[in-house]
Amino acid sequence: MATNAGPEYFQAKEKYEQAKTAHEKLLYLQEMHKFAPKHKASEKLLAELTWKIAQLRKEMEKEREQSKKSTGHSINIKKDGDGQIAILGFPNTGKSYLLKMLTNAEVEVAPYPFTTMQPEVGAMEYKGAKVQLVEVPAIVEGSSEGKSNGTQLLGLARNADALIITYTSDEEKNSVINELKKSGIIVGREKPRITIKQAESKGITIGGKQHMKMSEKELETALKGFGIHSASILLEEETTMEKILEVLDTNLDYKNCLFLKCPFTVKEPELRTQIFGLLNKILVYTKKPGGKPDFDSPMVMKKGTLVGDVPQHLHKDMAKNMKYARIWGSTKFEGQRVSKDYELKDGDVIEIS
Ligand SMILES: Nc1nc2c(ncn2[C@@H]2O[C@H](COP(=O)(O)OP(=O)(O)OP(=O)(O)O)[C@@H](O)[C@H]2O)c(=O)[nH]1
Ligand SMILES: [Mg+2]
């Protein structure tokens, strides 16, 4: 038995033993792991816990995969414009109000729950870019287990490029985050910078060991739990067991997310900027030599786009064989000449000769 385990460990253990759902079990197993003493004598216990966590995660991954397949007809909305963002939240939290405020969608806003029964779609204009907004009918506690059509509704979230979560209390907000998490969608943070590549050859090699917050033995146990015996691993940030298990779960999706508390206080222009920002895209304007920039029709490009990538975004009438480019905006000098590997920034004006 655990030597010198504190009360938190035993509390978690008790909760684990009473847990009904796989998700609860996982939660408390992870807590037990966190509070278990970390010394030589408890190595076996830690290994057991890690093994159980890995097994459970693997099981949950399979179940999710199956429920995705068995949902039958999906209700995904065909993507249009420069990106699709799903608006989701509990009933009566302002989803339709938001959609109506930002788009031309004619959708019912009403002071009672479950007004919106089908996904509603609208196009939000943003400085010449078009963002597709999809109101997802209300999420409830248990959506991730299929309650009130939950699997299909969360499928809409999975299909979107980013999310907006509306809520009226922190409790609601956390429930939505939790339902998403249970269905394999993680919001509010990036994917851990941990790469695990299965290898042919025997054994496990680890780069970036200084980031490891566990023993190699424990890491091996977790990998084996997922059936991995040989792998090359690269750690580029602090690595806990929880993160390792998360990365091993290949079914997870990470999404950018904007949380909006209803009634909404953000001013509309700022709100549009924040929503567009979820897409990790930039707007760049073109101008002809001697002419004026065309601010009505921006090029919508991925963040990180280089000047050399611009010709493929250009209208036919612009020079395709670029000789050189000048930039107004992010450069030190207005109209500065830049090379092809210059990274464009949001709002830049580019002149191509
Ligand atoms: N004053 C104010 N009222 C709001 C705001 N957002 C929503 N409301 C009100 O809150 C109620 C619910 O808004 P809806 O937009 O219909 O909520 P919903 O999330 O779409 O609800 P369901 O479709 O039923 O899940 C309505 O009475 C809205 O007028 C806001 O920012 N300010
Ligand atoms: Mg609604």
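Here the structure is a predicted model, which means the values were calculated and not measured. (Residues numbered from 1 in each chain as written. Chains lettered and ligands numbered in written order. Predicted model: local features only at pLDDT ≥ 70, side-chain atom pairs only at ≥ 80, totals over all residues. Heavy atoms only, no water.)

Draft legend 1. Spotlight on the site of ligand 1. Every one of the 20 residues lining ligand 1 counts as a neighbour, but Lys95, Tyr97, Phe114, Thr115 and Phe264 are closest to it. In this structure, Pro111 approaches ligand 1 through a main-chain N or O atom, which is 3.5 Å from an oxygen atom. In this structure, Tyr112 approaches ligand 1 through a main-chain N or O atom, which is 3.5 Å from an oxygen atom. Its residues placed into classes, the shell around ligand 1 shows 12 nonpolar, six polar and two charged. (Near = heavy atom within 4 Å. Polar contact = N/O pair within 3.5 Å; in protein donor to acceptor, adjacent residues only side chain to side chain. Nonpolar A, V, L, I, M, F, W, Y, C, P; charged D, E, K, R; others polar.)

Draft legend 2. Seen up close, the pairing of strand S14 (residues 349-352). Judged by which residues are buried, S14 turns out to be covered on both faces: Val349 and Glu351 on one side and Ile350 and Ile352 on the other are all buried. Where strand S12 (residues 325-328) meets S14, four bridges bridge the pair, whose relative direction is antiparallel. Bridging from a neighbouring strand, Ala325 pairs with Ile352 of S14. (Buried < 20%, exposed > 50% of the residue type's maximum accessible area, 1.4 Å probe, protein only. Helix = DSSP H or I, 4+ residues; strand = E, 2+ residues; numbered from the N terminus. Pairing = 2+ DSSP bridges.)

Draft legend 3. Seen up close, the packing of aromatic side chains. The tally for this structure, following the rule as stated, stands at four aromatic pairs. With centroids separated by 6.1 Å and ring planes inclined at 40°, the aromatic side chains of Tyr97 and Phe264 adopt a geometry described as tilted. Of this pair, Tyr97 sits in helix H4 (residues 95-102) while Phe264 sits in the loop between strand S9 (253-261) and helix H9 (268-277), and the two are 167 residues apart along the sequence. Under the relative-accessibility criterion, Phe264 is labelled buried at 17%. (Phe/Tyr/Trp six-rings, centres within 6.5 Å; stacked < 30°, edge-to-face > 60°.)

Draft legend 4. Fine view of helix H5 (residues 150-159). The buried fraction of H5 amounts to seven of the 10 residues, a majority that puts the element mostly inside the structure. Here H5 has its buried residues at Gly150, Gln152, Leu153, Leu154, Leu156, Ala157 and Arg158.

Draft legend 5. Quick look at the packing of helix H7 (residues 216-225) against helix H8 (residues 241-248). One way to put it is that H7 packs onto H8 with a least axis distance of 10 Å and a crossing angle of 25°. For the element pair H7 / H8, the angle class is roughly parallel. The interaxial crossing formed by H7 with H8 has right-handed handedness. Contacts between H7 and H8 pair Glu218, Leu219, Ala222 and Leu223 from the former with Met241, Ile244, Leu245 and Leu248 from the latter. Of the residues belonging to the contact of H7 with H8, the class tally is seven nonpolar, no polar and one charged. (Axes fitted to C-alpha atoms, helices over the stretch in contact; angles between N-to-C directions. Parallel < 35°, antiparallel > 145°, perpendicular 65-115°, else oblique. Left-handed = near helix turned anticlockwise from the far one by under 90°. Contact = heavy atoms within 4.5 Å.)

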